[in-house]
Amino acid sequence: MFELDRRPSAPRRRILTDLSRHNRALILQTLRERGPLPRHELAGATGLSKAATSTLVDVLLSDGRLAEAANIDPARVRGRPVGINPTFAAVVGLELTNDGLIRGVVVNAAGDVLQTIEAGFSATAGPEATADALAAAVRVAAERIESETPLRAVGVAVPGTVDVTEGVVDWLPTTRNWFDVPLQTLLEARIGLPAVVDWRAYTATLAEIRFGAGREDTHVLCLYLGEGIGMGIAEHGAILSGAGNQAGSIAHLQVVSSGGPRCHCGMQGCLWAVASTPAILRRIRDGIEAGVLSPLSQVSDLTLAAVLEAARAGDRLSQDVLEEVAGYIGLAIATCVHVLNPNAVIVAGPLAEAASLLHSTVERVARHHIFPWLRPVPAIRFSQLGIHAAACGIAAVALDRLLGVT
Ligand SMILES: [Zn+2]
């Protein structure tokens, strides 16, 4: 008689392993999005059988990723909710800016922000010195984290495009002008923890679609406007990065029909050259030098915050410059809307702080230039997540990797 070989073949084992990993990720993702759920509700939400759900939940409880939720009647064992265990890990998310700042957050595994971080360093520092400064910020954060929550991963959002699978900064323009810098490797060697690096335009977008102004929308464009400019394109929760990780490089979109100020890329009339923070400050200085009266002429260290404060207090120069900037942003939005047909456009980054000064003109100019029969008519909103949104976005990426959600 022939004996049937009942040993599972290698491909079959691999399929089962992949399936199990996929189902674990589905459970974690569902709990991340909906909060703690009893097992039978979790089975219903994921579409997995109750038996499979229960088995996988037991595995995730034993490895610490999940915990039974607190404040539940101990008699209701079957209905006791399980959720992502907040103390499984802490993650640091850092944003590197072009003007010499590292700002960030520490979040726990449930995504709660435990603290914020801010450190200054040289805006022209090279890759090694920048990795040193990032590692120092991580160490400061680690010292402040409570001991029962281990720091397990770090994310860095940078103002330039990134090959995220390799953690290599493809191009980081303006003050640093980096090409092909392996920032992830440089940082991991210093901190001994897994790191992930991505373009902050994308991480700010992720924050908006998960926790912010785009969480109800399927097709979202998120413009990051600050000392650097970029845009994230999100479709059903995924960020589109293009063939070379540069989709959304709207800093160099031409918004001045002819001529215009010179951009750092060498061209004229790019969005960065007229709507970035450096462009706004330059316009204010030009105005003062030309003799326009403004209280900002008395300010030695001119910043975006000072310009916004002056505009709110009635300074005509600041108001005029911001009105012009809003027009260029509206024009850029109209162009992007025609190409990508979103149902929501979000203005994020430091300029989102100027919502009350910019929103009506941005909206008016965008609507004027958008084809009137384009459907859906996209909502145009300003971020309300604040200055740490990009750092929260990269922390979420690092956390997803750590938990096994992605
Ligand atoms: Zn340019």
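Residues numbered from 1 in each chain as written. Predicted model: local features only at pLDDT ≥ 70, side-chain atom pairs only at ≥ 80, totals over all residues. Heavy atoms only, no water.

A.B. asks: Give me the lowdown on the nonpolar core, citing residues and values where you can.
C.D. replies: Ile-329, Ile-333 and Leu-358 are the most contacted members of the largest nonpolar core, which has 51 residues in total. Apart from the residues within four sequence positions on either side, Ile-329 is in contact with Leu-225, Ala-275, Leu-351, Leu-358 and Val-362. In terms of nonpolar packing, the next biggest core, distinct from the first, is built from 40 residues, Cys-222, Ala-348, Cys-392 and Ala-395 among them. (Core = buried A, V, L, I, M, F, W, Y, C linked by side-chain atoms within 4.5 Å. Buried < 20%, exposed > 50% of the residue type's maximum accessible area, 1.4 Å probe, protein only. Contact = heavy atoms within 4.5 Å.)

A.B. asks: Could you give me a rundown of the coordination of the zinc ion, with the residues and numbers involved?
C.D. replies: Only His-252 (ND1), Cys-263 (SG), Cys-265 (SG) and Cys-270 (SG) from the protein coordinate the zinc ion, and they sit 2.0 to 2.4 Å from it. Angles of 106 to 123° at the metal separate the four donor atoms of the zinc ion, which places the site in the tetrahedral class. As a motif over one chain, the donors of the zinc ion read H-x10-C-x1-C-x4-C. Here His-252, found in the loop between β13 (238-239) and α7 (271-275), pairs with Cys-263, found in the loop between β13 and α7; they are eleven residues apart in sequence, far enough to count as distant. On the basis of relative accessibility, which here comes to 4%, the residue Cys-263 falls in the buried class. (Donors = N, O, S within 2.8 Å, 3.2 Å for Na, K, Ca; no water. Tetrahedral: all angles 85-135°; square planar, octahedral: opposite > 155°, others 65-115°. Helix = DSSP H or I, 4+ residues; strand = E, 2+ residues; numbered from the N terminus.)

A.B. asks: With reference to specific residues and values, describe the pattern of salt bridges.
C.D. replies: Here the structure, examined in full by the defined rule, presents 17 salt bridges. With its nearest N and O atoms 3.6 Å apart, the salt bridge here joins Arg-32 to Glu-33. Given the relative accessible area of 27%, Arg-32 is considered partly exposed. The residue Arg-200 makes a salt bridge to Glu-227 at a minimum N-O spacing of 2.8 Å. Of this pair, Arg-200 sits in helix α6 (residues 200-211) while Glu-227 sits in the loop between β11 (219-225) and β12 (229-235), placing them 27 residues apart in sequence. Overall, the relative accessible area of 2% leaves Arg-200 in the buried class. Residue Glu-227 is classed as buried on the basis of its relative accessible area of 6%. Taken together, the shared-partner salt bridges in this structure form one network comprising Arg-32, Glu-33, Arg-210 and Asp-400. (Salt bridge = Lys/Arg side-chain N within 4 Å of Asp/Glu carboxyl O.)

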